[in-house]
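Breakdown of the fold
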Amino acid sequence: MNDRLDMTVMYAMHHALRRDLQHVARITSRADRHPGEALRAAAGWDLLKVALHVHHRAEDDALWPALRGNLTGRPDDLALLEAMEAEHAALDPLVEALDKALADPGTTPNLVGDLADSLVTGLTGHLAHEEEAALPLVQEVVTPEQWAHFGQVHAQRIGPAAPRLLPWLLDDADERTITKMLAPLPGPARHAYEHQWRPAYTALDPWAGTPEA
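Definitions and limits used
Residues numbered from 1 in each chain as written. Predicted model: local features only at pLDDT ≥ 70, side-chain atom pairs only at ≥ 80, totals over all residues. Heavy atoms only, no water. Helix = DSSP H or I, 4+ residues; strand = E, 2+ residues; numbered from the N terminus. 1 Å grid on protein atoms, 1.4 Å probe; cavity = no way out; pocket = protein on both sides within 12 Å on 5 of 7 lines; lining within 4 Å. Points joined across faces, edges and corners; volume = space filled by probe spheres on them. Nonpolar A, V, L, I, M, F, W, Y, C, P; charged D, E, K, R; others polar. Core = buried A, V, L, I, M, F, W, Y, C linked by side-chain atoms within 4.5 Å. Buried < 20%, exposed > 50% of the residue type's maximum accessible area, 1.4 Å probe, protein only. Contact = heavy atoms within 4.5 Å. Axes fitted to C-alpha atoms, helices over the stretch in contact; angles between N-to-C directions. Parallel < 35°, antiparallel > 145°, perpendicular 65-115°, else oblique. Salt bridge = Lys/Arg side-chain N within 4 Å of Asp/Glu carboxyl O. Phe/Tyr/Trp six-rings, centres within 6.5 Å; stacked < 30°, edge-to-face > 60°. Lys NZ or Arg CZ within 6 Å of the ring centre and 35° of its normal.

**A short note on unusual backbone geometry**
A positive phi angle, near 65 degrees, is found at aspartate 172, a position not held by glycine. Counting through the fold element by element, aspartate 172 comes out in the loop between helix H7 (162-170) and helix H8 (175-182).

Here it is as structure tokens:
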């Protein structure tokens, strides 16, 4: 590959989001149990929300501004960036609406299913759009220094949630991704990941109790 920028973390995050969206879709499409009860009880739903918030806020605050500053005189590319920002803005209310519906014991299964379907469809479409159009543009015009700054902001936003989010992020990731993600960590953090964080995540079983397809 001839990519200038290492996007391992970006694609690992997208993979993890898609993985958990499949769980959300599966749970909320079942007819043998109220989908709100199943999704509300799943620790995976909270992890998905936290990860999505961290990822999108880091892009909004550190990646899209850098990209915008490098697109002077390129109106079509600026329009693409505006589309990315608009997609982020549209996803936040969907997450909030679904969360509100899950908190209300009177919410109907149909409403939960409709909101979940909108979120799954919207976020899946956004991830594909970003990978097909925005990330190649980032590879073209964002400098290594700007990309490193985005990575730092992303890591800082994960910060206190790292014991939960890092095992979540690497759940079912390939060995290459796991190795590259763990390599920059200081020794104590790698030890904590291997002996504390990952075992705790495994014991948590984020989608425990949710029906299998």
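From this point, things continue past the structure.
**Regarding the layout of surface pockets**
Of the volumes computed, that of the largest pocket is approximately 640 Å³. Lining the largest pocket we find 25 residues, and of these Val9, Gly151, Ala155, Met181 and Pro184 sit closest to its centre. No other element matches the seven residues that helix H6 (residues 144-158) contributes to the lining of the largest pocket. Residue classes in the lining of the largest pocket are distributed as 18 nonpolar, five polar and two charged. The space that makes up the second largest pocket amounts to roughly 320 Å³.

**Quick notes on the nonpolar core**
In this structure, Val24, Leu39, Trp45, Leu98, Leu165, Trp168 and Leu170 are the most contacted members of the largest nonpolar core, which totals 46 residues. Looking at this core, the elements with two or more residues in it are helix H1 (8-28), helix H2 (35-41), helix H3 (43-69), helix H4 (75-103), helix H5 (109-141), H7, H8 and helix H9 (187-204). With sequence-adjacent residues up to four places away left out, tryptophan 45 is seen in contact with Val24, Leu39, Val95, Leu98, Asp99, Leu102, Leu119 and Trp207.

**What to know about the packing of H7 against H9**
Running from N to C, H7 and H9 cross one another at 75 degrees; their axes reach a closest spacing of 9 Å. On the basis of their axis angle, the class for H7 and H9 is roughly perpendicular. Facing H7, whose interface residues are Ala162, Pro163, Arg164, Leu166, Pro167, Trp168 and Leu170, H9 presents Tyr193, Trp197, Arg198 and Tyr201. When its residues are assigned to classes, the contact of H7 with H9 shows nine nonpolar, no polar and two charged.

**Considering the pattern of salt bridges**
Scanning the entire structure with this criterion turns up 13 salt bridges. Across the pair aspartate 92 and arginine 57 runs a salt bridge, and its minimum N-O distance is 3.4 Å. Placement of the pair is aspartate 92 in helix H4 and arginine 57 in helix H3, with a sequence separation of 35 residues. Residue aspartate 92 is classed as partly exposed on the basis of its relative accessible area of 26%. For glutamate 85, the salt bridge is made with arginine 68, and the minimal N-O distance between the two is 2.7 Å. One end of the pair, glutamate 85, is in helix H4; the other, arginine 68, is in helix H3, with 17 residues separating them in the sequence. Residue classification places glutamate 85 among the partly exposed residues on the basis of a relative accessible area of 28%. By relative accessible area, arginine 68 is classed as partly exposed at 32%. Members of the salt-bridge network, linked through shared partners, are Arg19, Asp20 and Asp172.

**Notes on the packing of aromatic side chains**
Scanning the entire structure with this criterion turns up one aromatic pair. Their ring planes at 45 degrees and their centres at 5.2 Å tell us that tryptophan 147 and phenylalanine 150 sit as a pair that is tilted. Here phenylalanine 150 and tryptophan 147 lie together in helix H6, a separation of three residues that amounts to about one turn. Tryptophan 147 sits in the buried class, given a relative accessible area of 11%. The ring of tryptophan 168 has arginine 19 sitting right over it, with the charged end atom 5.1 Å from the ring centre.

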